Structures are given as structure tokens and as C-alpha cells.
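Summary of structural features
One-letter residues, chain by chain:
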Amino acid sequence: MIVKDEPYDAIVVGSGITGGWAAKELTEKGLRTLVVERGRHVEHGAGYVTESLQPWQLPHRGQGEPALYERDYPIQSKNYAFSEATRHFFVNDREHPYVTPDAKPFRWIRGYQLGGRSLIWGRASWRWSDLDFEANLRDGYGVDWPIRYADLAPWYAHVERFVGVSGERLGLPHLPDGEFLPPWEMNCAERAVQRGIERAFRGRHMTITRVANLTRPHLGRGPCQARNQCARGCSFSGYFSSLSATLPAARLTGRLTVVTDAIVHSVIYDEQRDRAVGVCVIDAKTKATREYFGRIIFLCASTLATAQILLNSQSARFPTGLANSSGEVGHNVMDHISKAGARGTVPGLEDKYVYGRRPTGTYIPRFRNLGRPGEAKVGFLRGYGIQAGASREGWARGADEPGLGVALKERLREPGPWQISLQGYGECLPRHENYVDLDPTRTDQWGIPLLRVNCAWGENERAVREDVKTQAAEMLEAAGCTSVETWDDDGPPGFSVHEMGTARMGKDPKTSVLNSHNQAHDVPNLFVTDGACMASTSCVNPSLTYMALTVRAVDHAVSELQRRNL
Amino acid sequence: MPRPDSPTADSPNAPRTIDRREALRRAALMLGGVISAPVIAGVLAGCQGRRHSGALSSEQLELVATIADHILPETDTPGARAVGVHQFVDAMLAEGYAGPDRARFIAGLADVDARARAACGRPFLECAREQQRTVLDHLDRETFARPARSAPPFFRTFKELTLVGYYTSEVGATRELRHAPVPGRYDGCVPLAQIGRTWAV
């Protein structure tokens, strides 16, 4: 049975970090907005069922069940935020399959619930710079971004003012300062390493991560309680999520409607009007089909899911997928390289410790290929930043050393040495041959063709990875660390959960999917503002840029709607 | 050795003093490398504790309790037995691990008995406490003297499960160590004396 709802002014697909922002901005600008979320409803606060549980109150003391993970969560359980206390915010891999070639694993980390992955994100919040927006133009990979930093700067500010980003101003042109709450504090060991690195390497810095955790009360939210268990959900609203911030703001307008358990099968395109007119939805529980109609549509379903929806929205006008006259929908998949770096022991400071669990680490901003006179020549394009963190070893070290009895117990009462670890996050080049498409025969339990992901690192990413390890180790050694060693866990694409690029922005409709306002070249009332829109990756965490692009696109969409151009 | 980069913290680069998930990932490897067979239906998402039938016989349970109490004995705080470490080990074996891994662990327990027979002519539980300790001291030295193998040795697994079971118990976390469920703030450089002990979490 097909049930037709009244037309909405706007439909937003997805309630994660960009869907939440689209809902807030659209409703605050007066549009009656429907948010369609494929996952279950989660109530802010009450839905955070493990939030206050202590280790001894968790079914397996937080250790989880390896055999269950192997069977049902072989991909999700590899994510750093997955645990016994957060499993309910990750999908069951067995119930939500996708296809990868054997030789090209891709880790697609997903959270199907209201708020999406904004509940479990890493919260690092950096602005891009023109070093990033001009990168494709400079070296010829991908297509030139249709915007520059100046186009986005006011929208970054708009977003930061609402989110509440804590951080330190550095005055670096390639990592622009924003509007910050007070920064988190570096610990003693990090300060020692910071001094060592900055003394030994001119132009390199270590700063505290700019992060969407509130260091003081902000717009009725927070402050963060320094528990560092954000991915369980936070009833203090100590970190930014759709549930803590944007959806409540949208709800306040009285113009928001949310439907959950509603899987968007495709976008409905009306050939006569040459417009997207709604979405075809499958009820996740009953599998019944229904349609919702709206005047403008925002796809905020996440990079791969948005591509899947577009590719599955086929019509006579768009036989290979909606807004795909360029043939680029699904192509140019990117992620950041990570899971490689160096670690070591920070000597001394045995009489120092920390109080509280800081929800973030420190950061060494990009120092390669900045275009500075006299900088080192390196054998790769673009660059990387390094995330770092130091802490004293805890009781778990006891399992790696001989000894038992009273002496062991007494020893573990005191913390062990300070350890520091550095992990690079490197830029990935856009390449057409990294793509997703639809499986021609296999479908999921709702009859939607399975997504096939075909994505692998290239030479440049491998070269970046090698330099990360070498430089990380050199910096630790220069800072006086001992037992310095490099590490490399060889993470496949997807691991960084920064997947981007499947519906890229660009100037030319022949080579890109979206214009400078995230509006489909082919379908003017269709907008894509999640990671799919990205024409390159920069090396910094992307969420803040998705958010800024979303609010900018909404501003454009609403003014075009008012001018009756849509 | 647990490292601050290990993927347990809620932020990819948030430093953590301990690393329980990584510890258990390694425990899983220790228990036999590849975990293959599906073991149980999932526990309800969230906090519903659950009675389990257990993997160990009452004699094996007693053996585990006794060995664990040698590893972390009573001092001015209770020891491993008193906080029920053996029940945690039993639950992990029953619910978390596939049959072959469980069998490997139980074979390790039998080996402890065999060593006890060789050393004092009786099963481990019937040996005098000092003799038991001598058997375990030997096993401990042997375990950590050898270079790492593909399948980690039984006693390392045992020790790790004992530590996890103890320090994540309420007594272990709040009396033996220091625990602050809601710290409320972060201070990055305070005198150790002000905190006093290792943080539980």
C-alpha cells in the first residue's frame, strides 16, 4: 500500500551530523521539514542506556564477547569507539551487508539510529584552508573545488558558535583559527614532548586538539564532565551531536517532523517538472513502502549511503542514477590514511599524574608541502597531521611482565611510565578508479541492491604513510623519548571513518555532481551536503567542514526557493 | 604492553591509562588465535546482567580461584577470590569464547595439576600453599622467559583475565585503585601523591 503524505517544504535524508544541521537551519528559516532516519529512535539522555554503568556493572566488565563480535560485528568491532558499552550504536554487520573484492577490504563503520554517527564521532573540529581548497588545482588530481576558504569562513564561524569548539589559536595560515572555547590542557608528558619537538624542528607545532567537547557551559549544554566515554551518549550534552544540539533546536521551531525506521530506497524524480519531488521509503520493521513529498531534498545520509540512494534512483532521464549525467556518482571514494605512527616512553615525571579523563588528545598540524621557501622536498603530494596522546601505563601492564603475589599487587597500585603515541592522518588523492556501485543481483533484506565498494590505497598514500612513521619517530627521539619504535597497523580504507567523495563538488557539470552550493548540477532542488560532496580530503578531520558546507547550502537553497528558482 | 594508541578510548587519540578492550583482544588471541564458532546469542544491548551456566566444573572453578588468589592475594584490600575473579573467568570462558579456546584453557588448568603432581606428588589444590606458589612461580618465569609465540601461553592468559577481573570489580576499582566515575574536570599535571594510586579507568 502506498500512503501519500502532504508535501513538506524540505526533506532531509539522514539525521547524523549534517542531517541535524540541515534540519536546524531549514526549520529556523521557516521551512516545514521532514527528517527521514533509517535507524531506530534514540532519546537524548534516556536512550544512553550504558552511560552511567561502571565496569563491574557491564555484562562482561566492558570486555565484550569476542565470538559474538567475530560473527556479527567483524567490521564495526574494529572501530576505536566500539565496545560492550557502545555496541548498540553500531550496526550489526551480518544484518547490513555490503560487498568488497577479497583483495580490497573496506571498513564501512555505521550507526543506524537517530543522530547517526554524530553520537559516536571523534569530535575533532578543524577548519580547512586554501592549501586544501587549491590542492586539486595545484597538482591535477581530482577536479578543482568550486569554492575557496573565504567562501566558507563565515559559515565555519556560524557553526563553531553553535557547536562550541574548544581549542587554541595558533595563527597558522594552513590551519585557520576559529571561534574557540578555552582549550583542554596538555598533560606534563605532552608538554615535555611539545617543547622538544618545537625546539628541534622549526615550523612544527604541537597543540591541543580542537574538539567539540564543551570546556564550559554553552547555550544550555555541558560542560563536559571529563569521563571520556562520549560514544555511550552524554546526558550532560558535554559534546556536540544531533541529539544534544541541532535536532532540539529544530524541534523548538515547531516545524520539524522526524520519522525513524524509514529507509530511503530512492529519490523520486518527476521528469515533466525536472525536479526531485520526494523520497520512496521502506519501513525497516514492516518493509511496507511509502512516499514522502517535498519541495527541496537534502541528502545527508553519509558518503556511501547517499551514493547508494542516488545510484538506485533510476529513471529514463537518469538511467545510471539521479544527478549522474557526469558519471561521477559513486566515484572518487577517499578516506584518510591512519593507523601508523610511532610511540615511545617519556622519561621522568614519575611524581606527576592527571586528574580526569580528557576526551581528546594533542595534534601536530601539517608541516609537509606547505609551499614555504626552503622546505624539505618529499616524494609525495599533499600532507598529513599527527594525532598524539600521552598517558601513564595502568594496571594492564601487569599481564605483560613476570611477577605475582603481594609484590605484583603493590606495584600495580602505582601507575607505570609515561607513554606517548603518535598517529598520522594523511590526505588521500581523489581517483576515479576508487568507486562504489550497486550489485546487479544481490539485495539486502529490504530489497535494496547491495553496495559494492571498490577502493584501495595508492602509491601516494603509501608514501605518506612511510613519511608519517619516519617523522613521528624522529620527533619523539628529538624530544628525548626512549624506546621509540614505529608502528603500522595497515588500516584499509574506511578505517578512519572519514570516507568522502562519491558526489563531488566542481565547476563543470561534465566532471562533477554538485555545484559550488552543493546543489546537483542536473537537479536544482536536490542538495548533497554530507561527505559525498567532497572534492578532496585535506588531512584534517572533515566533520566541521561538512557542517559549514551544509549551513551554507541551506542558506542558498532557501534564498533560491524564495526567488522561486527551485 | 598496553599502549595509549590502542583503540579503546572514545576518541582516536585520547590517551588512556589502561586498555581493557585491547587486553581482551589479545586474550582472545591467547585463547587460541582464530575465534570461529558462534557461541551465544547476544546479550541485550545495555546493562542487563545475565545468569550463565558456566564453562568450568566446581573443581576447576576452585582451581581458578586458588591460582587467581596467588596472583592477586589479600593485602589491606581483598584478594582475587574474595571479589569473585573466578566467576568472571568462568563467564568469559562460557560466553565469550569458542569451544576450542575454552578447551585450550582447560588443558592449561590440567597442566597446572600435572606440574603440582611432579612437584609435590598431589593435585594442585592438595599441595601446601607454599608449594602451590612455587609451582606458579616456575610457570610464571617460564611463561615470560620465552619469546612471544603465535598462541600466547596459558599462564599469560590466566594472568590477564585475573587482572581484568580484579581491577574492573567494584573492590578492585574503588578500594585497591582510584576511581572517579564523573571527574567533572581535567587537570593535566598534578602531583601523583594527590591522586595516590593508579586510576582504575
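Residues numbered from 1 in each chain as written. Chains lettered and ligands numbered in written order. Predicted model: local features only at pLDDT ≥ 70, side-chain atom pairs only at ≥ 80, totals over all residues.

With that settled, consider the overall build of chain A. Along its length, chain A carries 11 helices and 18 strands. Expected size for 566 residues packed as a compact globule is a radius of gyration near 24 Å; at 23 Å, chain A falls within 12% of this value. When each of the 566 residues of chain A is scored for burial, the buried share is 60%. Excluding contacts between residues fewer than 6 apart, the proportion of contacts in chain A whose partners are at least 24 apart in sequence is 73%. (Helix = DSSP H or I, 4+ residues; strand = E, 2+ residues; numbered from the N terminus. Rg over C-alpha atoms; globule rule 2.2 N^0.38 Å. Buried ≥ 20, exposed ≤ 12 C-beta atoms within 10 Å, placed from the backbone. Contact = placed C-beta atoms within 7 Å.)

Here we take up the overall build of chain B. For chain B, the count of helices and strands is eight helices and one strand. Counting from the amino terminus, chain B carries its helices and strands in the arrangement α-α-α-α-α-α-α-β-α. Excluding contacts between residues fewer than 6 apart, the proportion of contacts in chain B whose partners are at least 24 apart in sequence is 57%.

This part takes up the environment of Ala 173 of chain B. For Ala 173 of chain B, the position within the fold is in helix H7 (residues 170–176). Leaving out residues up to four positions away in the same chain, Ala 173 of chain B has contacts with Pro 55 and Trp 56 of chain A together with Tyr 167, Thr 168, His 179 and Ala 200 of chain B.

Bringing the sheet that holds strand S13 (residues 384–392) of chain A into the picture now. All names here are of chain A. Strand order in the open sheet formed by six strands is S5-S12-S13-S14-S10-S17, with antiparallel pairing between adjacent strands. The strands lining the two open edges of the sheet, one partner per strand, are strand S5 (207–208) and strand S17 (482–488). In this structure, S5 lies alongside strand S12 (residues 362–364), joined through two bridges in antiparallel fashion. Within the sheet, the bridge partner assigned to Thr 207 lies in S12 and is Tyr 363. Sitting on the sheet, helix H10 (residues 459–478) is in contact with strand S10 (340–346), S13, strand S14 (418–426) and S17, with an inclination near 10° to S10. (Pairing = 2+ DSSP bridges. Axes fitted to C-alpha atoms, helices over the stretch in contact; angles between N-to-C directions.)

You can read the domains of chain A as domain 1 (8–123 + 240–335 + 432–457 + 496–562) and domain 2 (165–227 + 337–426 + 458–488). Each side of the interface is counted separately: domain 1 of chain A has eight residues, and domain 2 of chain A has 17 residues. (Domains from an automatic or database assignment.)

Residue and element names in this part refer to chain A. With an omega of 0°, the peptide bond running from Gly 222 to Pro 223 counts as cis. By secondary structure assignment, the location of Pro 223 is in the loop between S5 and helix H7 (242–252). One non-glycine residue, Ser 237, lies in the positive phi region at around 55°. One can find Ser 237 in the loop between S5 and H7. Given 24 C-beta atoms within a 10 Å radius, Ser 237 is considered buried. Positive phi, close to 65°, is recorded for Asn 518, a residue that is not glycine. By the secondary structure assignment, Asn 518 is in the loop between S17 and strand S18 (526–528). Given 29 C-beta atoms within a 10 Å radius, Asn 518 is considered buried.

What follows covers helix H6 (residues 188–200) of chain A. The terminal C-alpha atoms of H6 of chain A lie 19 Å apart, and with 13 residues this matches the ideal 18 Å at 1.5 Å per residue to within 8%. Within the sequence span of H6 of chain A, burial applies to Cys 188, Ala 189, Glu 190, Ala 192, Val 193, Gln 194 and Ile 197 of chain A. (Expected span 1.5 Å × (residues − 1).)

With that settled, the discussion passes to the environment of Arg 358 of chain A. Secondary-structure assignment places Arg 358 of chain A in the loop between strand S11 (352–355) and S12. Considered as a pair, Arg 358 of chain A and Asn 541 of chain A are 183 residues apart in the sequence and their alpha carbons are 19 Å apart.

Looking now at the packing of helix H5 (residues 149–163) of chain A against helix H11 (residues 543–562) of chain A. Residues and elements named next belong to chain A. The interhelical angle for the contact between H5 and H11, taken along N-to-C directions, is 105°, at an axis separation of 8 Å. Our classification of the angle between H5 and H11 gives roughly perpendicular. When H5 is examined against H11, the residues Leu 152, Trp 155, Tyr 156, His 158 and Val 159 are found in contact with a partner set consisting of Leu 544, Met 547, Ala 548, Val 551 and Arg 552. Tallied by class, residues from the contact of H5 with H11 come to eight nonpolar, one polar and one charged. (Parallel < 35°, antiparallel > 145°, perpendicular 65-115°, else oblique. Nonpolar A, V, L, I, M, F, W, Y, C, P; charged D, E, K, R; others polar.)

What follows concerns H10 of chain A. Residue and element names in this part refer to chain A. Under the 1.5 Å per step criterion, the end-to-end length of H10 is 29 Å for 20 residues, consistent within 8% with the ideal 28 Å. Every buried residue of H10 is listed here: Asn 460, Glu 461, Val 464, Arg 465, Val 468, Gln 471, Ala 472, Ala 473, Met 475 and Leu 476. Just downstream of H10, Gly 480 is the residue with a positive phi angle, here 90°.

Now for the packing of helix H4 (residues 99–120) of chain B against helix H6 (residues 154–167) of chain B. Residue and element names in this part refer to chain B. Between H4 and H6, whose axes approach to 10 Å, the crossing angle comes to 105°. In terms of orientation, H4 and H6 fall into the roughly perpendicular class. Contacts between H4 and H6 involve Phe 105, Gly 108 and Asp 111 on the former and, on the latter, Phe 154, Thr 157 and Phe 158. Looking at the contact of H4 with H6 residue by residue, the class counts come to three nonpolar, two polar and one charged.

This part takes up the pairing of strand S8 (residues 275–283) of chain A. All names here are of chain A. Judged from the eight bridges that link them, strand S7 (residues 262–270) and S8 form a sheet pairing that is antiparallel. Note on S8: the bridge partner recorded for Ala 262 is Asp 283. Where S7 folds back on S8, the antiparallel hairpin that results is connected by four residues, among which Asp 274 adopts a positive phi of roughly 55°. In this sheet, strand S9 (residues 289–299) lies alongside S8 in antiparallel orientation, the contact comprising five bridges. Looking across to S9, one finds that Ile 282 is bridged to Thr 289. From the end of S8 to the start of S9, which pair antiparallel, there are five residues, and Lys 287 there has a positive phi angle of about 65°.

All names here are of chain B. For chain B, the average pLDDT comes to 78, and 72% of its residues sit at 70 or higher. Across residues 1–52, where pLDDT falls below 50, the model places 159 contacts with residues more than four positions away in sequence or in other chains. Across the whole predicted complex the pTM is 0.92, and at the interface the ipTM reaches 0.93. (pLDDT = per-residue confidence, 0-100.)

A few words now on the environment of Ala 85 of chain A. All names here are of chain A. Among the secondary structure elements, Ala 85 is positioned in the loop between helix H2 (66–72) and helix H3 (130–133). Classification of Ala 85 by C-beta neighbours within 10 Å gives buried; the count is 28. Taking the C-alpha atoms as reference points, Ala 85 and Asp 439, 354 residues apart in sequence, are found 34 Å from one another. Setting aside chain neighbours within four positions, we find Ala 85 in contact with Thr 50, Leu 53, Leu 58, Gly 62, Gln 229 and Arg 232.

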